[in-house]
Amino acid sequence: MEKESTTPDCRHYRWAKVIRRDYMRCLELCWLLFWSNWYHLGKKLRDLMSMIALNKADKDRHLKFMFYHLTRGEIYTVLDYLKKELITKRRKIS
């Protein structure tokens, strides 16, 4: 009488291991790209706000509003805010 093996088939185990490894690499890359893009977006916003805000207090207030809504994915709220509420140096002069 032949004894049945209780261990899983090695081929399936190896394939599962390869798939898991590739999936984790993909997630790590996506995570890295996401944070890299978020970092550069924040840096660009800070640089541009330094050029157009009237003073440091205004810059901080505008950035706080924008980052709060951008982290929640409310892009159109930020765009409306920039169109309506932001008073730039150029608008103040003219």
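Residues numbered from 1 in each chain as written. Predicted model: local features only at pLDDT ≥ 70, side-chain atom pairs only at ≥ 80, totals over all residues. Heavy atoms only, no water.

When you go through the protein chain residue by residue, the secondary structure sums to 4 helices and 0 strands. Starting at the N terminus and walking to the C terminus, you meet the elements of the protein chain as α-α-α-α. Burial analysis of the protein chain (94 residues in total) assigns 17% to the buried set. Looking at the protein chain alone, contacts between residues at least 24 apart form 45% of all its contacts between residues at least 6 apart. Per element, the accessible surface of the protein chain, about 8,700 Å² overall, is 62% carbon and sulfur. (Helix = DSSP H or I, 4+ residues; strand = E, 2+ residues; numbered from the N terminus. Buried < 20%, exposed > 50% of the residue type's maximum accessible area, 1.4 Å probe, protein only. Contact = heavy atoms within 4.5 Å. Areas by Shrake-Rupley, 256 points an atom, 1.4 Å probe, with all protein chains shown as cover.)

Let us now look at the nonpolar core. L45, M49, A53, L63, M66, F67, L70, V78 and L86 together form the largest nonpolar core, which totals 9 residues. Looking at this core, the elements with two or more residues in it are helix 1 (10–52) and helix 2 (56–70). Take this core: its biggest share by element is 4 residues, from helix 2. When residues no more than four places from it in sequence are discounted, the contact partners of M66 are L45, M49, V78 and L82. (Core = buried A, V, L, I, M, F, W, Y, C linked by side-chain atoms within 4.5 Å.)

Direction vectors running N to C along helix 2 and helix 3 (residues 75–84) enclose 155 degrees, while the axes themselves pass 8 Å from each other. Between helix 2 and helix 3, the angle falls in the class roughly antiparallel. Of the two elements, helix 2 crosses helix 3, and the hand of that crossing is right-handed. Counted together, R61, H62, F65, M66, H69 and L70 of helix 2 and I75, T77, V78, Y81 and L82 of helix 3 form the full contact between these two elements. The residue inventory of the contact of helix 2 with helix 3, partitioned by class, reads 7 nonpolar, 3 polar and 1 charged. (Axes fitted to C-alpha atoms, helices over the stretch in contact; angles between N-to-C directions. Parallel < 35°, antiparallel > 145°, perpendicular 65-115°, else oblique. Left-handed = near helix turned anticlockwise from the far one by under 90°. Nonpolar A, V, L, I, M, F, W, Y, C, P; charged D, E, K, R; others polar.)

With that settled, the discussion passes to the confidence of the model for the protein chain. For residues with low pLDDT, the predicted coordinates do not support detailed interpretation. Looking at the protein chain as a whole, its pLDDT mean stands at 81, while 82% of the residues score no less than 70. In the model of the protein chain, helix 4 (residues 89–93) stands out as the element of lowest mean pLDDT, 62, in contrast to helix 2, which has the highest, 92. (pLDDT = per-residue confidence, 0-100.)

The next point concerns the packing of aromatic side chains. Throughout the structure, instances matching the rule amount to 2 aromatic pairs. A ring pair is formed by F65 and Y81, whose centres lie 4.0 Å apart and whose planes are at 25 degrees; its orientation type is stacked. With F65 in helix 2 and Y81 in helix 3, this pair connects stretches of sequence that are 16 residues apart. Given a relative accessible area of 11%, Y81 falls into the buried group. Over the aromatic face of Y68 sits the side chain of R72, whose NZ or CZ is 3.8 Å from the ring centroid. (Phe/Tyr/Trp six-rings, centres within 6.5 Å; stacked < 30°, edge-to-face > 60°. Lys NZ or Arg CZ within 6 Å of the ring centre and 35° of its normal.)

The subject of this paragraph is the side chain of K59. Along the chain, K59 falls in helix 2. Buried charged residue K59 carries no salt bridge. Nearest counter-charge: D60, at 5.3 Å. (Lys, Arg positive; Asp, Glu negative; His and termini not counted. Salt bridge = Lys/Arg side-chain N within 4 Å of Asp/Glu carboxyl O.)

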